[in-house]
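Fold and geometry: a report
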Amino acid sequence: MRKSDKPARSGASAHRPPKPGGVSLNRVFSKLGIASRGAADDFIRAGRVSVDGRIVQQPDMRIDMDRAKILLDGQPVAAQAPIYLMVNKPRGLVTTLSDPEGRDTIYRCLDGLGLPHVSPVGRLDKASEGLILMTNDTRFSQWLLDPGTGPEKTYHVQVDRLPDAGLCQRLSEGIVDKGELLRATGARLLRSGTRNAWLEIVLDEGRNRHIRRLLAALDMEVLRLVRVAIGPLALGDLPKGTARPLTPEELSTLTSGNSSHLPQEPAKRAFG
C-alpha cells in the first residue's frame, strides 16, 4: 500500500471540536523558530511581549500571526532563518528540551554551536542512538513526522538471540499490542554471531517504542538500536554526539517531490 493510499486514522482525535481561529501566542514563537513554547510561556508571563501595542501575559491567547504586530522586549518578532541539523545521538540522552529527572538531553550535542532555538524532529528513546534531525522549521517537522508523507526510517538492531528463518516475515506481518498494529515495512538479517544477531528494520511510521515492543512480542530483546537513515539521508560517518547542518543537496534529496515544504535556502551561517 502506498503512503498516499493509507486510510485516515480514526479515534478520539477525529471527533475533537475545531479550535478557535488563530494560534496561541506561545506557539507563534515556536512556529517562528524563536523559542520553545515553554520558554515563550516564561517571557510572555513576565510581560515582555506586546500584541498590537498592548502587553499580553496569557501564553494561550489566540492571535492571527499574519496580521498581529508582536513585539518581544520592544522589538518586532520575525521568523528565524531556517536551520536543518543532522545529529548523531548517543545512548543515554533524552530528546527533550529539558528533563524533570535531570537527565542529559539531545541539546548537549549542540553545546558551543551558538544556534537559535531548534527542536528535535520526533524522538529516539534514551536507550536508542543514531540519526535524528533538529530544526526551527515547523512545516518541515510536520511533513517529516506525517506517516502519510514522511520518509521511511531505517534502523540497525542488535537482538539477544539468533533469529529463525521466519522472523523477518513475521516482523513485516506485524502484531497487535495494546490496540496498536506494530509492523515493519521491511526487515532483513544483516549478520549473526554465535549468540546474537543484527537486523535491519525499516518503518514508515514510528509509534512509542515501536521496534522494542514488536520484537518483545516475538520473544526477542533489543541489545542496541541505531537509526542509520531517514529516507535517503544516511547517518554516515558523523561522530557520535555531534551535529552538522544538512547541505542543500541533502535537503533536496530528502524532500524530493515535496519541495513545497521547504524554504528556498537553509540558513547560511557558520557553527561556533
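Anyway, here's the lowdown on the structure attached to this text.

Rules and cut-offs
Residues numbered from 1 in each chain as written. Predicted model: local features only at pLDDT ≥ 70, side-chain atom pairs only at ≥ 80, totals over all residues. Heavy atoms only, no water. Helix = DSSP H or I, 4+ residues; strand = E, 2+ residues; numbered from the N terminus. Polar contact = N/O pair within 3.5 Å; in protein donor to acceptor, adjacent residues only side chain to side chain. Contact = heavy atoms within 4.5 Å. Pairing = 2+ DSSP bridges. Buried < 20%, exposed > 50% of the residue type's maximum accessible area, 1.4 Å probe, protein only.

Time to look at the side chain of E250. Structurally, E250 can be placed in helix α6 (residues 248–254). Here R244 takes part through its side chain, which lies 2.7 Å from a polar atom of the side chain of E250. The residues touching E250, leaving out its near neighbours within four places in the chain, are L233, R244 and P245.

Taken together, four strands build an open sheet; the order of strands is β3-β2-β5-β6 and the sheet is antiparallel. Edge positions in the sheet fall to β3 (54–55) and β6 (75–76), since each has one partner strand and no second. With three bridges joining them, strand β2 (residues 49–51) and strand β5 (residues 70–72) adopt antiparallel strand pairing. Residue V51 lies in a different strand from β5, and its bridge partner there is I70.

Backbone geometry places D52, a non-glycine residue, at a positive phi of 55°. By the element assignment, D52 lies in the loop between β2 and β3. Look at D52 and you get exposed, because its relative accessible area is 53%. For D73, which is not a glycine, the phi torsion comes out positive at approximately 55°. A relative accessible area of 46% places D73 in the partly exposed class.

Here we come to the environment of K89. Secondary-structure assignment places K89 in strand β7 (residues 84–89). In this structure K89 comes out as buried when scored by relative accessible area, which is 0%. When the C-alpha positions of K89 and G241 are compared, they lie 5.5 Å apart, and in sequence the two are 152 residues distant. Discounting residues that sit within four places of it in the chain, K89 has contacts with T95, I106, L124, D125, K126, S128, E129, G130 and I132. At a separation of 3.2 Å, a polar atom in the side chain of K89 contacts the main-chain carbonyl oxygen of D125. Within the structure, the side chain of K89 is placed 2.6 Å from the backbone oxygen of S128, a separation counted as a polar contact.

The buried fraction of strand β14 (residues 197–203) amounts to seven of the seven residues, a majority that puts the element mostly inside the structure. Where burial is concerned, the two faces of β14 agree: the one with A197, L199, I201 and L203 and the one with W198, E200 and V202 are both buried. With seven bridges connecting them, strand β10 (residues 153–159) and β14 associate as antiparallel partners. Paired with H156 across the bridge in β14 is E200. Pairing analysis gives six bridges linking strand β13 (residues 186–192) to β14, with the strands arranged antiparallel. Considered in β14, the bridge of S192 is made with A197. As consecutive antiparallel partners, β13 and β14 are separated by four residues.

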